[in-house]
Amino acid sequence: MPVVTEHSERMRKFKNKGKDAAALRRQRVEVNIELRKAKKDEQILKRRSISFSLMDENLSPREAKGNEIIQLSLEEILQAVNGSNRELQLQATQATRRILSRQKDPPINQIIELGIIPRLVEFLTHADNAPLQFEAAWALTNIASGTSDHTKAVVEAGAIPAFISLLSSPHMHICEQSVWALGNIAGDGPLYRDALINCNVIPPLLALVSPVTPIGFLRNITWTLSNLCRNKNPYPPLDAVKTMLPVFTCLLEHEDKDIISDSCWAVSYLTDGSNDRIQIVVDTGILPRLVELMASPELIVMTPALRAIGNVVTGTDEQTQAAIDAGVLAVLPHLLQHAKPTIQKEAAWTLSNIAAGPCRQIQQLITCGLLPPLVELLDKGDFKAQKEAVWAVANFTTGGTVEQVVELVQSGVLKPLLNLLLAKDSKTILVILDTISNLFMAAEKLGETERLCLLVEELDGLEKIEALQTHDNNMVYRAALTIIEKYFSGEENPDLQPGTGQDGLYDFSVEKQDFNF
Amino acid sequence: MELSDANLQTLTEYLKKTLDPDPAIRRPAEKFLESVEGSQNYPLLLLTLLEKSQENVIKVCASVTFKNYIKRNWRIVEDEPNKICESDRIAIKANIVPLMLSSPEQIQKQLSDAISIIGREDFPQKWPDLLTEMVNRFQSGDFHVINGVLRTAHSLFKRYRHEFKSNELWTEIKLVLDAFALPLTNLFKATIELCSTHANDASALKVLFSSLILIAKLFYSLNFQDLPEFFEDNMETWMTNFHSLLTLDNKLLQTDDEEEAGLLELLKSQICDNAALYAQKYDEEFQPYLPRFVTAIWNLLVTTGQEVKYDLLVSNAIQFLASVCERPHYKHLFEDQNTLTSICEKVIVPNMEFRAADEEAFEDNSEEYIRRDLEGSDIDTRRRAACDLVRGLCKFFEGPVTGIFSGYVNSMLQEYAKNPTVNWKHKDAAIYLVTSLASKAQTQKHGITQANELVNLTEFFVNHIQPDLKSASVNEFPVLKADGIKYIMIFRNQVPKEQLLVSIPLLINHLQAESIVVHTYAAHALERLFTMRGANNTTLITAAEMAPFVEVLLTNLFKALTLPGSSENEYIMKAIMRSFSLLQESIIPYIPSVITQLTQKLLAVSKNPSKPHFNHYMFESICLSIRITCKANPDALGSFEEALFMVFTEILQNDVQEFIPYVFQVMSLLLEMHKNEIPSSYMALFPHLLQPVLWERTGNIPPLVRLLQAYLERGANTIASAAADKIPGLLGVFQKLIASKANDHQGFYLLNSIIEHMPPESLDQYRKQIFILLFQRLQNSKTTKFIKSFLVFINLYCIKYGALALQEVFDSIQPKMFGMVLEKIIIPEIQKVSGQVEKKICAVGITKILTECPPMMDTEYTKLWTPLLQALIGLFELPEDDTIPDEEHFIDIEDTPGYQTAFSQLAFAGKKEHDPVGQMVNNPRIHLAQSLHKLSTACPGRVPSMLSTSLNAEALQYLQGYLQAASVTLL
């Protein structure tokens, strides 16, 4: 029936007046520059092997003798590495590896300056000398774990093909060391990541995954694979992603939390992008598992799982619905109340993107009891989380129906929201002012403007908005001014007009006046 | 201009002339400078002068001129010529920093401002060396130079505090941090060390502390957007030093000045801000330091004196505590009973005391005092901060805090009782304490809306407030009287009605108090009590209950206007208005005296209107007097006109712009009350109302339109017969209004009245022109607002003159015009019409077009019949279409009918909503059904067939509903 369609079409236009749904959903990265310390809860990009691992002692009997190895000077190392004495080569390479493995300030630069890297790469190809291969691989791993320049030195010496062929070495410890080295190279950034992918690193890596792969080894493989999914500008090629995804789907079911964690990180990288990339992940059907993992007691699992689901709901309404159907709304309340501020923040960010959806999704959010924890977070959460919670409320008031907005106000959102007008962040203040305007628009529809005015004043919001009229940020001050002029500038209506409507004579209450002197 | 001595000399002379007090000398010199400022080298000449001139005044003058020049010209605006040549720009940037640093302070400040203006445009990309150049000076050891650098840095970086996060901004901040954070930190440490080595050298300390203040401000700016890695790593250094600075005192830095904050206070105040910033935004990282800061700040409060110079520091410090104590994970810092007691005793109570400065304001600057105390512009005061801390603490500790303060209140009241004359301030503090403890939420309109249940407000009222107000002298202890009245005012919703009734005569009595604050509060309190709601939407306090006090109330209110300082007191005038409105006919006996006093007042203030609120309430009061009196006694109208017209004439003749819109409204009210033909006194004025000069002022337009509407309602026939020559002038006003996007709706108001009331034949010769005018506007600049008004108008016309007449006039302008308007305007846009009366007019008008316009049935217009019917059903059933094209947002906000910036509408001169359709049609849906029925009887078979061919199913369903409700069927 055309009348109805026209109507709903109009309603739709009305709801999103001036805003487009895509703009409401906020991707993770608004700003590429970071002032803060690199986040402690991010997955590590590169790792250095700093002490002897158990595996190492088992597999490398020479090491067991420990102190027998003589400390060599850099000069001696240079000579030995470049010499042709195999015994000395091994000793020197081992010495190199040892100094690169010391706990503090490994002299990576000095080793690079010695110019022995091409030689170490060459050692990787000495299939007849497994101990030398291993020591060289280890040393190179640690060099590649440094800065971009360090990694570059390793790559430019031709290490990529050498390490890739070592993936089929018959010696598992060499193979594992190579996986590790490749992980460091992949973690450097999109350039080397794609260089590796183009050298066909993925098939041999995936071939290493099997039910009998030892846990420690499997951890390394998972981590390296996850680095191959990591980084944007550009994203990893779609074909590569598609070959790795089924393996991650399996690994997510593993019992080891480190393996699960790194798999989750990988999925979180894959979902951190355009909607078609998100779709590929949604299509694997792993959302329910990810949601389950969001509830994990292990922080290292919960963090990337939450991150991945958070990314999914930046996608289309349908993708968001898939996350809702997977049960994300049941898990979020706990995460909003989590002791760790970064978890609160990520959870609130996720919620804010769900709140940016159509009103049926907003309704689910209400039904699943998200409002009380949201209000609580807005009131008492860490500032980073409060900021996200403000976005959630803003999106809710933009897309929600009048009834839903009423429900939000009844949950007590107003007081903490107005308190945050004191926040030391202009953007947050502006978003709150926009939200207040949205609330007033809803109130107008219900004829409750007057009541909302009183409520805002009672909660000390009015004086805060008034004070913002002198804010240094132009947009903030204009937004505040608009609200004051529109809703608070009039004297209160003389609401006690005598004999209103009795004989018509005094029936002048319909017109609302604005006193502006 | 060359960089020559001759030019320097010329410039010097002109600069000197710009300082001349005589405008005849000054102005031309300013003009000259402006005329040459586009020349190359001009800024460099100024820089040379400010550096090398022999005369200090010229140096300063050159520096100010230079800064203003930069301010006006530096920014390169797109599509406009570059106003400073590139070589000058390069030379300025190369020289200004060293020049600024080597200049004396007065000039340094100007140059520092200029640098930040340039920096805003050029930094960092186009001025890459600026930072290094500045940072290098930190090594100089010369604190005059260092402070110059710091001040410039501060003006460059302070925008980080309010700008939105963006890639560009953060890239800049990162760059600044990389170059600046470490040197700043080293400078901070070095400066603190120097402070201890120079602890006995007052002048050195002053310079060093100025640096510390600037460093602390820079810290705030650099840490505002996010917590930078560098500062997180160096938090220990910064916070430990900030903390020790908070606790530092040095006699040499104390100032004698009581008002102006000294360096030490400014520094500590900034440190409080820095700590508050970290506590709010970087809680996770700052947590280990926070308890130390709480203790330090609290100790600071305990040891800081009552002088005004500490106000900012104290209020910042208290606000810090208030924001921390509300956070659940810091609750434990305050939990201990001893801590709470000592915060209450040593921080809150002392800062609530009435100080000498307050007393001064109370007596000598009462307007300011009232504004602060009553209207809440007290955000930065100590009392307010203390009050916020009470509320913050009550979030977790309401019981204990109430308990502690009850003890204090009692002991303060006892002190007062011992010797009221000496100890009255104790009682003031007690009342303030009770108020802040009890009030949890407050609005201007209702006073306190949520109170602390642990405080017995009524008991306190009866035992401690009423006795003060009952005392024989209204002038004794004025501060306590004001406190008591304010108590009634804000707790009016908590105190039972019988206590309020007891208070009313007391308040009326205090209208006579000499103290401006006291009688103003009394008037305000009465006004507030009179606006309280009782049951059934009536007033809480009734006219009957007020009966015994009417005379004394009116007498005291008008007498209060004669007290010194209150001749234009808006609170009193508002109370007069509110009393009239409450008391209604019981004021009638006093009207003769009241109206005399009001007109005298009006005459007096019209000489120099200065208090807009006062004036507004005065006119409201006049309107109320008229309405109340004439309702009971219509004959009184003449005496009001007699009393008022004289003053009105004077106002109009003297062109008192502020009052003219009010005068028109009162006149409208008077004229609308006339039952018979318009009196000749009004007709005499009619030509003057059409004077273009009146219509040029936007504030006049709404009330004048309304007045003309009143003329048309009451005197259309008189105008047609006795002033027919003025009809073109009247329509000229309409034309003027319709031409403006802002005022076109007012033009339609006028036109609608003309169509509704003027005898048709008087308009015959103008009719076509009116429509042509409207069509032109429609064609050239249509807006949603215009279309809405246009639709209402043509339908009104249709109702008044018939559908056929409408069709004929349209088609007489241009063939097929009628069909085009139907198709392009009415059908697609009718959904936009808003307002019940407006919708009704359109419904009835369209029904007429459908059913009483033969061409709709048997010409090419017939194809529009069903779409028109469908649009009408849409108007009935669909929600209003309030979409507005994007480009119109601006107009709509500025010019929505009913929203006027320059016009102050009088509520009590209110106009009844007018429904020109009236009883003629009660239910437009039924009316449609009946009209269709009539049409179908006239041409059987036609209507059902048109319906079945193209009306959509849902609309048809609605229509069947109407037919059913009207119990008719279509043939």
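Predicted model only: the values in this text are computed from it and were never measured.

Asks: Talk me through the confidence of the model for chain B; I want residue IDs and the actual numbers.
Replies: Residues and elements named next belong to chain B. Of the residues in chain B, 97% have a pLDDT of 70 or more, and the chain-wide mean is 89. Low confidence marks residues 886–902, where pLDDT is under 50. Its contacts with residues over four positions away, or in another chain, come to 30 contacts. Per the prediction output, this complex has pTM 0.74; the corresponding ipTM is 0.77.

Asks: For the pairing of strand S2 (residues 447–451) of chain B, give the residues involved together with the corresponding values.
Replies: Residues and elements named next belong to chain B. Pairing between strand S1 (residues 439–443) and S2: 4 bridges, direction antiparallel. Within the sheet, the bridge partner assigned to glutamine 442 lies in S2 and is isoleucine 448. Here S1 folds back onto S2, and the loop between the two strands holds 3 residues.

Asks: How would you explain the packing of aromatic side chains if you had to name every residue and give the values?
Replies: Residues and elements named next belong to chain B. By the definition in use, this model includes 50 aromatic pairs over all chains. Here the aromatic rings of phenylalanine 461 and tyrosine 487 are separated by 6.1 Å at their centres, their planes lie at 10 degrees, and the arrangement is stacked. Taken as a pair, phenylalanine 461 in helix H23 (residues 457–470) and tyrosine 487 in helix H24 (residues 478–490) lie far apart in primary sequence, 26 residues in all. Centre to centre, the rings of phenylalanine 771 and tyrosine 797 are 5.0 Å apart; their planes meet at 90 degrees, and the pair counts as edge-to-face. Of the two residues, phenylalanine 771 is situated in helix H40 (residues 767–780) and tyrosine 797 in helix H41 (residues 784–801); the sequence distance between them amounts to 26 residues. Each member of the pair, phenylalanine 771 together with tyrosine 797, is buried. Through a chain of ring-to-ring contacts, the aromatic side chains of Phe188, Phe219, Phe230, Phe231, Trp238, Phe242, Tyr278, Tyr282, Phe286, Tyr289 and Phe293 assemble into a single cluster. A cation over an aromatic ring shows up here: lysine 17 above the ring of tyrosine 14, its NZ or CZ 5.1 Å from the ring centre.

Asks: Give me unusual backbone geometry: which residues, what numbers.
Replies: As a rule of thumb, non-glycine residues mostly have phi less than zero, and peptide bonds are mostly trans rather than cis. For the bond running from A:Asn233 to A:Pro234, omega is -5 degrees, close enough to zero to count as cis. Within the secondary structure, A:Pro234 sits in the loop between helix H15 (215–229) and helix H16 (238–251). In this model, A:Asn200 sits at a positive phi of 65 degrees, which is unusual for a non-glycine residue. Within the element layout of this structure, A:Asn200 appears in the loop between helix H13 (190–198) and helix H14 (202–207). Not every positive phi belongs to a glycine, and B:Gln584 is a case in point at roughly 50 degrees.

Asks: Any details on the UniProt feature "domain: Importin N-terminal" (unreviewed entry) in chain B? Residues and values, ideally.
Replies: Feature annotation in UniProt places "domain: Importin N-terminal" (unreviewed entry) on residues 29–102 of chain B, given in this structure's numbering. With 73% helix and 0% strand, residues 29–102 of chain B has its two end C-alpha atoms placed 29 Å apart.

Asks: With reference to specific residues and values, describe the UniProt feature "repeat: ARM" (unreviewed entry) in chain A.
Replies: Residues and elements named next belong to chain A. The UniProt entry lists residues 115–158, 158–186 and 285–327 under the feature "repeat: ARM" (unreviewed entry), expressed in the numbering used here. Taken as a whole, residues 158–186 contains 79% helix and 0% strand, while its terminal C-alpha atoms sit 14 Å from one another. The distance from the first to the last C-alpha atom of residues 285–327 is 13 Å, and the span holds 72% helix and 0% strand.

Asks: Tell me about helix H20 (residues 366–374) of chain B, and please be specific about residues and values.
Replies: Residues and elements named next belong to chain B. Within H20, the full set of buried residues consists of Ser366, Tyr369, Ile370 and Leu374. For H20, the angular spread of buried residues about the axis comes to 100 degrees, placing them on one side. Buried residues along H20 sit against helix H19 (356–364), H24, helix H26 (516–530) and helix H29 (570–583).

Asks: Mind laying out the packing of helix H29 (residues 426–446) of chain A against helix H30 (residues 449–458) of chain A, listing which residues take part and the relevant values?
Replies: All names here are of chain A. Closest axis-to-axis distance for the H29/H30 pair is 8 Å, and the angle between their directions is 145 degrees. Taken together, the residues of H30 that come into contact with H29 (itself represented by Leu439, Phe440, Ala443 and Glu444) are Thr449, Leu452, Cys453 and Val456. In terms of residue class, the contact of H29 with H30 is built from 6 nonpolar, 1 polar and 1 charged.

Asks: Talk me through helix H22 (residues 328–336) of chain A; I want residue IDs and the actual numbers.
Replies: Note: α-helices contain 3.6 residues per turn, so residues at a spacing of three or four share the same orientation. Residues and elements named next belong to chain A. The buried fraction of H22 amounts to 7 of the 9 residues, a majority that puts the element mostly inside the structure. Among the residues of H22, those classed as buried are Val328, Leu329, Val331, Leu332, Pro333, Leu335 and Leu336. For H22, the elements touching its buried residues are helix H19 (287–294), helix H20 (299–312), helix H21 (317–325), helix H23 (341–355), helix H24 (359–367) and helix H25 (371–380).

Asks: Would you mind going over the confidence of the model for chain A in detail, with residue names and values included?
Replies: Residues and elements named next belong to chain A. Per-residue confidence for chain A gives a mean pLDDT of 84; residues scoring 70 or more make up 84%. The secondary structure element of chain A with the lowest average pLDDT is helix H1 (residues 2–15), at 36, and the one with the highest is H19, at 97. In this model, residues 1–19 is a region of pLDDT below 50 whose contacts with residues beyond four sequence positions or in other chains number 24 contacts. pLDDT under 50 marks residues 491–517. Its contacts with residues more than four places away, or in other chains, come to 74 contacts.

Asks: Could you give an account of the nonpolar core, naming the residues involved and the relevant values?
Replies: Core analysis: the biggest nonpolar cluster contains 352 residues, and B:Phe180, B:Phe320, B:Phe619 and B:Trp865 have the highest contact counts within it. Considering each element in turn, this core owes the most residues, 14 residues, to helix H21 (residues 382–418) of chain B. Apart from the residues within four sequence positions on either side, B:Phe320 is in contact with B:Cys272, B:Ala275, B:Ala276, B:Ala279, B:Leu290, B:Phe293, B:Val294 and B:Ile297. Within the second largest apolar cluster, 156 residues are counted, among which are A:Ile259, A:Ala392, A:Leu420 and A:Leu452.

The rules behind these values
Residues numbered from 1 in each chain as written. Chains lettered and ligands numbered in written order. Predicted model: local features only at pLDDT ≥ 70, side-chain atom pairs only at ≥ 80, totals over all residues. Heavy atoms only, no water. pLDDT = per-residue confidence, 0-100. Contact = heavy atoms within 4.5 Å. Pairing = 2+ DSSP bridges. Helix = DSSP H or I, 4+ residues; strand = E, 2+ residues; numbered from the N terminus. Phe/Tyr/Trp six-rings, centres within 6.5 Å; stacked < 30°, edge-to-face > 60°. Buried < 20%, exposed > 50% of the residue type's maximum accessible area, 1.4 Å probe, protein only. Lys NZ or Arg CZ within 6 Å of the ring centre and 35° of its normal. UniProt positions renumbered as here; feature names shortened; annotations may be inferred. Arc of directions from axis to C-beta. Axes fitted to C-alpha atoms, helices over the stretch in contact; angles between N-to-C directions. Nonpolar A, V, L, I, M, F, W, Y, C, P; charged D, E, K, R; others polar. Core = buried A, V, L, I, M, F, W, Y, C linked by side-chain atoms within 4.5 Å.

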